[in-house]
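The lines below spell out each chain.
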Amino acid sequence: GIQVEQSPPDLILQEGANSTLRCNFSDSVNNLQWFHQNPWGQLINLFYIPSGTKQNGRLSATTVATERYSLLYISSSQTTDSGVYFCAVEGWIQGAQKLVFGQGTRLTINP
Amino acid sequence: EPEVTQTPSHQVTQMGQEVILRCVPISNHLYFYWYRQILGQKVEFLVSFYNNEISEKSEIFDDQFSVERPDGSNFTLKIRSTKLEDSAMYFCASTGLLEQFFGPGTRLTVL
């Protein structure tokens, strides 16, 4: 099945810093989503981005489908950005229709 | 904005007991999913459901698990005889086409 690898596993930054989180996947995808898991365990949808670039405030994401990776950028980090960021993909295999999650990047923003 | 809801938010049960986790997907969505996340680990796919039947299930989804859409709005996950290793966060998700939307989760604790 499709493999998803996220890097780095942990990232510790000071408030105001910028960060880049990476997601590599092993096969062609028709869906790629980024999530933020908050301290209460909820999965918050950040981006649906199987290809191209999107921006939402301080966050932006880029997926280069032909090279099988996606990047999540966080600018001017705030302490509320702390948590685990997951990338999840759905492969092109017919009938799959399930998201395969990476192991996540744990982001800690210190004041 | 429509959202996926789940009840209860936290369930504590004794080993061997049956539990039913409930979800109300977004109303015009057609595909429904259950995922689980053991504490500190990544989110794993359990089962997908479309047109009133299971479309795919993982190896985790054994005979102890079942899903049902008893009416036009609810989607349930039943665990017949809970084990200690069933302790996890269980997420319901739904999609109309490609992007999946997740509920807030039910934290199941098996004692």
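Refer to the preceding data block for the structure.
Residues numbered from 1 in each chain as written. Chains lettered and ligands numbered in written order. Predicted model: local features only at pLDDT ≥ 70, side-chain atom pairs only at ≥ 80, totals over all residues. Heavy atoms only, no water.

A. Broad picture of the overall build of chain B. Helices and strands together make up the secondary structure of chain B, namely zero helices and 11 strands. Overall, chain B shows an N-to-C arrangement of helices and strands of β-β-β-β-β-β-β-β-β-β-β. Taking 2.2 N^0.38 as the reference for a compact globule, 111 residues should give roughly 13 Å; the C-alpha atoms of chain B span a radius of gyration of 13 Å, in line with that estimate. In chain B, which comprises 111 residues, the share counted as buried stands at 45%. (Helix = DSSP H or I, 4+ residues; strand = E, 2+ residues; numbered from the N terminus. Rg over C-alpha atoms; globule rule 2.2 N^0.38 Å. Buried < 20%, exposed > 50% of the residue type's maximum accessible area, 1.4 Å probe, protein only.)

B. The side chain of B:Thr95, seen in detail. All names here are of chain B. Mapping threonine 95 onto the fold places it in strand S9 (residues 88-95). Note on threonine 95: relative accessible area 2%, which makes it buried. Here the side chain of threonine 95 touches glutamate 99 through a polar contact of 2.8 Å, landing on its backbone oxygen. Look past the residues within four positions of threonine 95 in its chain and what remains in contact with it is His29, Leu30, Tyr31, Tyr33 and Gln100. (Polar contact = N/O pair within 3.5 Å; in protein donor to acceptor, adjacent residues only side chain to side chain. Contact = heavy atoms within 4.5 Å.)

C. Region of interest: the sheet that holds strand S6 (residues 52-56) of chain A. Residues and elements named next belong to chain A. Read from one edge of the open sheet, five strands run S1-S3-S8-S7-S6, paired in antiparallel fashion. The two strands at the open ends of the sheet, each matched to only one other strand, are strand S1 (4-7) and S6. Across the sheet, the mean angle from the axis of one strand to that of its neighbour is 15°, orientation sign disregarded. Of the strand pairs in this sheet, strand S3 (residues 19-25) and strand S8 (residues 69-74) are connected by six bridges, and their pairing is antiparallel. Bridge pairing in S8 links threonine 20 to tyrosine 73. (Pairing = 2+ DSSP bridges. Axes fitted to C-alpha atoms, helices over the stretch in contact; angles between N-to-C directions.)

D. Structural view of the state of the cysteines. Residue and element names in this part refer to chain B. Taken as a whole, this structure holds two disulfides over all chains when the rule is applied. The disulfide bridge from cysteine 23 ends at cysteine 92, spanning 1.9 Å between sulfur atoms. Residues cysteine 23 and cysteine 92 are joined by a disulfide whose S-S torsion is about -60°; by sign, that bridge is left-handed. With cysteine 23 in strand S3 (residues 19-24) and cysteine 92 in strand S9, this pair connects stretches of sequence that are 69 residues apart. (Disulfide = S-S within 2.5 Å.)

E. Seen up close, the sheet that holds strand S7 (residues 65-68) of chain B. All names here are of chain B. Spatial ordering of the open sheet is given by S1-S3-S8-S7, a layout of four strands whose pairing is antiparallel. Strands at the two margins of the open sheet, each flanked by one partner only, are strand S1 (5-7) and S7. Averaged over all pairs of adjacent strands, the angle between their axes in this sheet comes to 20°, without regard to strand direction. Here S1 pairs with S3 via three bridges, running antiparallel. Looking at S3, one finds that threonine 7 is bridged to arginine 22.

F. The interface of chain B and chain A, seen in detail. Each partner contributes to the interface: chain B provides 19 residues, whereas chain A provides 21 residues. A combined buried area of about 1700 Å² lies between chain B and chain A, and 50% of that area is made up of carbon and sulfur atoms. Ranking the residues of chain B by area buried against chain A places B:Lys42, B:Leu98 and B:Phe102 at the top, with a combined share of 30%. One can count six residue pairs in polar contact (both at pLDDT 80 or more) joining chain B with chain A. (Buried area = accessible area lost by both parts, 1.4 Å probe.)

G. Molecular detail of the pairing of strand S4 (residues 29-37) of chain A. Residue and element names in this part refer to chain A. Of all nine residues in S4, nine are buried, a share of seventy percent or more. One ladder, built from eight bridges, connects S4 with strand S9 (residues 83-91); its direction is antiparallel. Counted as the bridge partner of tryptophan 34 is cysteine 87 from S9. Across five bridges, S4 lies against strand S5 (residues 43-48) in antiparallel orientation.

H. Region of the structure containing the environment of B:Leu46. Residue and element names in this part refer to chain B. Along the chain, leucine 46 turns up in strand S5 (residues 44-50). Given the relative accessible area of 0%, leucine 46 is considered buried. Linking leucine 46 and tyrosine 90, residues 44 residues apart in sequence, is a C-alpha distance of 9.5 Å.

I. Geometry of the nonpolar core. In terms of nonpolar packing, the biggest core is built from 22 residues, with B:Trp34, B:Leu46, B:Phe61, B:Val67, B:Phe75, B:Leu77 and B:Tyr90 touching the most fellow members. Within the residue set of this core, elements represented by two or more residues are S3, strand S4 (31-37), S5, S7, strand S8 (75-79), S9 and strand S11 (106-110) of chain B. Residue contacts for B:Phe61: discarding those within four places in its chain leaves B:Leu46, B:Val47, B:Ile54, B:Ser66, B:Val67 and B:Leu77. Counting residues in each nonpolar core, the second largest holds 21 residues, with A:Leu11, A:Leu32, A:Leu59 and A:Leu107 among its members. (Core = buried A, V, L, I, M, F, W, Y, C linked by side-chain atoms within 4.5 Å.)

Read these as geometric descriptors, not functional statements.
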